[in-house]
Structures are given as C-alpha cells and as structure tokens.
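# Remarks on the overall topology
Letter by letter, the chains look like this.
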Amino acid sequence: MKKDLCCTTDFMDNLLSPRGHEHGLEANLFDFRPEHIDALMAYCAGIGATRHEWLALGGLSPFYGPNSPLDYDVLHIACEASHRHGMRFDTVLKPFEGGWYGHGTNGKLPLSLPRPEGAACIECIDGLVCGVRSSIVEHPEMQFERDPADLADPGGAVRVIRLINRSDAETGLADATFAIWFSRDGTGRSIETYDGPINVEETVEYRPQLPYHEQSARIVSLTNLRIPADASHIIVRCEKEGAVALENEIHQVVELENDAGASIPAFPAPGPITEAVIGRWRRKAALDPYLSLPEVRSVLDDDAALAAHVEAANRLRTKCLGANPTQIALKSGEEGELVIMRGKPRYVDSVLNPIYPEVREHWLDMVRLCLERDVDGVNIRVQDHNYAFEPWAFGFNPPTMERMEHPDNMAEAAKINGDAYTSFLREAAKLVHDAGKDFGVHVYSTMLGTDERPGVWWMTLIPELQIEWQWETWIREIADYVEFRGAFTLRPESVKRAVDRIGLVARQAGKKFIYQSSRAADVVSFDGPHDHLAWEIENIVRNHPDINIYNLYETACFTRFDEKGEMKGSTAVADLVRKLV
C-alpha cells in the first residue's frame, strides 16, 4: 500500500551534530546558508517526500526574525525552499520546551557561573538551565510545580542516611567504612570534611518498589550522624576496596532523617559534567542569549577558568549513575560517590503549566509567529528534554490546587491541567484555521497508559506529568491530522497496539495519520546498514491501512556536508525509502 513521505528537520541537530561534519571540516554553526537548506529540501523531494516538517525550537528561536545570528530568517527560508521543491511545509511547535537541555542528567551549568541581572537562565537546585525564554525567567512560578507536601523540610541536622538496595541481596557493606563530606553553598567551591561519628547498620525491610512483589530491600544505614542543618549537599563514599554497594532507581535510593526522626526530602545530585557537554556549551555559545553574554563567554573561552567551575561543580555531582540515568549503582572509591541534595527540585525546569492564562497566550504567540511565515500547517508536539525525575509529583501549581476537592488526588490535578491544555489546542487550532491552514497534533504511546519499562518516561520525556492527555478529543474535535511518535524501545506488538488504537480514532474521525520513524540507532549511520529502518517500513508502515504518511525522522541523520562543504544526502537511505515507501 503506497504511503506519502514526509521528512523532518530539527535544525539545531543539523547545526550541532558532528554527523554533519564527517570529512574533517571544523564544526561551524554558521556553515548553514540558504543554499544548504535548499539542497537539503531538494534531497528530500528527490527521494519522494511531498511534505516537510520543521521543528521550530519552541517557536521563539533566535533563528527567526531580523536579528537571527545566521543573518537570515531560517523559518522563512526553509518554508520557501520546501515550496520551491514541491513540498508542503508544516512547523512543529514544542510549547513545553522552554530552554536548552543536556542529554542525560549532567547538562546543567555550574551554579558558580556569572548571572547578570535579566540573564536568560534559571537557577535550579542542581545547576543552571540556560537559553530560557524570557517568559520563564520572569515567571518561574508558572513552571510545573511539585506537590508542596513533597517539599516540606522539618529542619534539623541530618542524623541518619539510609541507602536502599532494590533487593534483599547481600551488599557486603555491614563492615564497610564510609567517608562523608558536605557543602553549604551548593557550588562545590567550599567542601567540608565530616569528622563526626558514623555507625553502619544493615537491615532488611519492605519498600514498595520495582520489581513490585514480596521481596524486601536491604538497607545500609549510616547512623549517629551530626551533619549540619544548613548543608545543601552531602557526599558519601564507601572506602571498602572492590565493594559494590547497591543498585536502585534514582528516586528510591536514599532517605534522610533528622534528630527527631522526621523524614527530610532528599534526592541524588545529577551526574558529572563531561567533556562532551562542555563542547556542546561552546558550540551553542554564539546562539544562546545566556552563553553569549560577555561575562559568561569570557569563562567559556578560558580553559583554566571553565575547568575551575566544572571541577567545583563535579565535586557535587553523583559519580555512580549508570547508562540509564534513572538508575544508580553505588560502588567503592571516588568513582562511586553518591552526592545527596537536601531537598528536591521544585519545578520541572523550563516547562510551563497551561493552567495559567498567560502561558496559553504565550504559546499562542508562538503559533502566530509561524503563521506569519506562510507555513502550510502547525503541528503541536508534546515534549521536553529537561528530565523530571519523579514526574508524577509535578503539576500541583496553586491555581490547580485551588480547584481540587482533594489536594493530593493525582487524577484531579491531571484533569484540571489537561482541560487547560486542550483549551490551548482549541484556541491554537482556531488561529490556524482562520489563516486557512491545517492543524496537527502528536500522540505518544505513553499517552495511552502508564508504561513501567525502566526509564521509559525520560525517553518520552513529558507525558508522565500530572496532566491528562486528552488525545482522542484532540483528534476527533480539534486536529486536521495526527502524528504518532514514540516507537523507540517498544516491542513490535506494543507499537502495533498503539498504532492500531490511534489509527482507529483517526480513521473514524476522517483525519490523516502520520507514523514517525523510531529513529533507531542504525538510522544515525549515514551510509548504513539501515536494517531496523527497513524492517519498520516493511512490517509496521507499508501495509497498515490507517497509516497515510511515513515521516522519516530526521534530516540530521541522513544529510551532511561533504569534503567540499556542500550539502549531500545519504544514497543508502534514498535507495531504501524509494524501494519501500
């Protein structure tokens, strides 16, 4: 069954990804000129694409408008190029993505960096988030807020630290020696050695955690402590040679208790800042309104100065996070240090809650910006890359709680926030339809129900917050087309279940249904092989009666500059798509 083909460009990935510079060219954000965008569009049209989707970076990108650092309005140029090559052009807006992010848990900037008044950044308990839109800087309280009951600190010195293993397996730590340090300023510049008593106890107790059954947890307790009440961070290191202490999900690994036996809110600090993250900061410096400030740029351009900030910040970063940032595996020695923050993040960084009318109006301004570029459609994608550990705890902003009959009921909070978001979509669709354009929405597999795969929520990123995703209403009453996103990591039968369910609603509503490629790891390979891509097209997309359009995601994976600095597309991907789509 023949399908239409769409291609997606996330322009920031095209700019920053080393995949675009595999021929020894120095990565340069300003390599992309209008002629390169035209060549990119020509390639997409040449492989059969009839439509193009362009991620608009939250809608208020520095690339759009007369002050673009590239000296041209990227959205305008891309729209013209897409039309010139016979493709319709839709922008994809991510209203929830309000700031730069780091892949993993280590992307935040050190708290010690300069922060001039009005700088486009926000301070969080574990670092700075930069590139934040002015609306968030001015109104941080409008971000998704944690349940206030979850933040209440009873005060007092820390008397007990409990480290919880997810099983009752022996840890070998009953006779271990632990060392503790602490910081009062949160920057890592001032570290104090704890020289008080440390007693070590090991017990087996029940904790309700995955795997969810009658298996108790083994708990290593450091007791008789006297860690000052004003210590913002506590560094714990096991000194037993070769010990592997425990493993658990990040939000369940530690508990703190004060002198009175009351529980203190606590959370592990993020992972260390890596060279790769530092390189990303420097590549973004010319584009980011915070990183480009003279006071900040002077630090980024000075290796010694930046190293001092990073070294201090990393002293207060957990060293034992695994490849999955939702897991901790505490080991012995410095590389296994666990850093405990007293307190928990209050907000989901740079993610605004639609419960506020001001937020919805701000998002509508983003839609208006796209319509001014004469796009053919606006597609709203629910996603953010600033990971929210314990996402279920967020969405309890005061306006939400004022409308709740029972202030701790998650479903009430989700319904109230979800109604507000759907209201935004209705208003946005009216703007788009009044302009004679099409309106689309993204739907994720996780919107269909809770998914307990370890770490899946940080891959889908936003759907687990307390907001009801009323996706059937969006398709039936609001959107002109719907796009499925989120096949990555799902079993084939789970993908089919999601596609069948969403596709059925789209078919009944008479709406077009777009399937977005899962962007498996082999798609990143410019020359191939692309076995998963071929399997996906052949087995999921090609013969599914409800899928109208296949979206090849994204052009940063299959286009790049060649040795002459010219934009080229992958022949391997072109041959595959022409054959199967």
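Okay, so let's go over this structure. Since the structure is predicted, the reported quantities are computational estimates derived from the model, not experimental observations.

### Let's talk about the overall build of the chain
What the chain contains, in helices and strands, is 16 helices and 26 strands. Here the C-alpha radius of gyration of the chain, 25 Å, is about what a compact globule of 581 residues would show, namely 25 Å. Principal axes of the C-alpha set define a box for the chain whose edges measure 75 × 55 × 45 Å. Counting all 581 residues of the chain, 59% fall into the buried class. Residue pairs in contact within the chain that sit at least 24 positions apart in sequence constitute 79% of those at least 6 positions apart.

### Comments concerning the nonpolar core
Judged by nonpolar contacts, the single largest core of 110 residues is most densely connected at Phe 11, Ile 37, Trp 54, Tyr 421, Trp 474, Tyr 515 and Leu 552. Considering each element in turn, this core owes the most residues, nine residues, to helix 10 (residues 410–434). If you look at the next biggest cluster of nonpolar residues, it comprises 39 residues, including Val 253, Ala 266, Leu 321 and Leu 338.

### Regarding helix 2 (residues 34–46)
Over its 13 residues, helix 2 runs 18 Å from end to end, which matches the ideal 18 Å to within 8%, given 1.5 Å per residue. Residues His 36, Ile 37, Leu 40, Met 41, Tyr 43 and Cys 44 constitute the buried set of helix 2. All buried residues of helix 2 fall inside an arc of 155° around its axis, so they share one side. Looking one or two places after helix 2, you find Gly 48, whose phi comes out positive at around 110°.

### Examining the sheet that holds strand 20 (residues 377–380)
One closed barrel holds the eight strands; their spatial order is 1-2-3-20-21-22-23-24, and the pairing between them is parallel. Within the sheet, the average angular offset between the axes of one strand and its neighbour, ignoring direction, is 25°. Bridging between strand 23 (residues 512–516) and strand 24 (residues 549–553) involves three bridges; their strand directions are parallel. Bridge pairing in strand 24 links Gln 516 to Asn 551. In the packing of helix 8 (residues 357–371) onto the sheet, contacts are made with strand 3 (88–93) and strand 20, and the angle to strand 3 comes to roughly 160°.

### A closer look at the pattern of salt bridges
Under the definition given, this model contains 45 salt bridges. Two residues, Arg 115 and Glu 123, come together in a salt bridge whose shortest N-O distance is 2.3 Å. Judged by relative accessible area, Glu 123 falls into the exposed class, the value being 55%. Lys 496 is the salt-bridge partner of Asp 500, the closest N and O atoms lying 2.6 Å from each other. Of the two residues, Asp 500 and Lys 496 are both situated in helix 13 (residues 492–509); the distance of four residues between them amounts to about one turn of the helix. Of the residues examined, Asp 500 reaches a relative accessible area of 27% and is grouped as partly exposed.

### What about the packing of aromatic side chains?
Each aromatic ring pair is described using two quantities: the centre-to-centre distance and the angle formed by the ring planes. All chains considered together, the criterion is met by 18 aromatic pairs. Seen from their ring centres, Phe 96 and Tyr 421 are 5.3 Å apart, and the 35° between their planes marks the pair as tilted. Of this pair, Phe 96 sits in the loop between strand 3 and strand 4 (121–124) while Tyr 421 is found in helix 10, placing the two residues 325 residues apart along the sequence. Each member of the pair, Phe 96 as well as Tyr 421, carries the same accessibility label: buried.

### Some thoughts on the environment of Glu 554
Following the sequence through the fold, Glu 554 ends up in the loop between strand 24 and helix 15 (555–558). What makes Glu 554 buried here is its relative accessible area of 0%. A sequence separation of 274 residues divides Glu 554 from Arg 280, and the C-alpha atoms of the two residues are 20 Å apart.

Scoring rules and cut-offs
- Residues numbered from 1 in each chain as written.
- Predicted model: local features only at pLDDT ≥ 70, side-chain atom pairs only at ≥ 80, totals over all residues.
- Heavy atoms only, no water.
- Helix = DSSP H or I, 4+ residues; strand = E, 2+ residues; numbered from the N terminus.
- Rg over C-alpha atoms; globule rule 2.2 N^0.38 Å.
- Buried < 20%, exposed > 50% of the residue type's maximum accessible area, 1.4 Å probe, protein only.
- Contact = heavy atoms within 4.5 Å.
- Core = buried A, V, L, I, M, F, W, Y, C linked by side-chain atoms within 4.5 Å.
- Expected span 1.5 Å × (residues − 1).
- Arc of directions from axis to C-beta.
- Pairing = 2+ DSSP bridges.
- Axes fitted to C-alpha atoms, helices over the stretch in contact; angles between N-to-C directions.
- Salt bridge = Lys/Arg side-chain N within 4 Å of Asp/Glu carboxyl O.
- Phe/Tyr/Trp six-rings, centres within 6.5 Å; stacked < 30°, edge-to-face > 60°.

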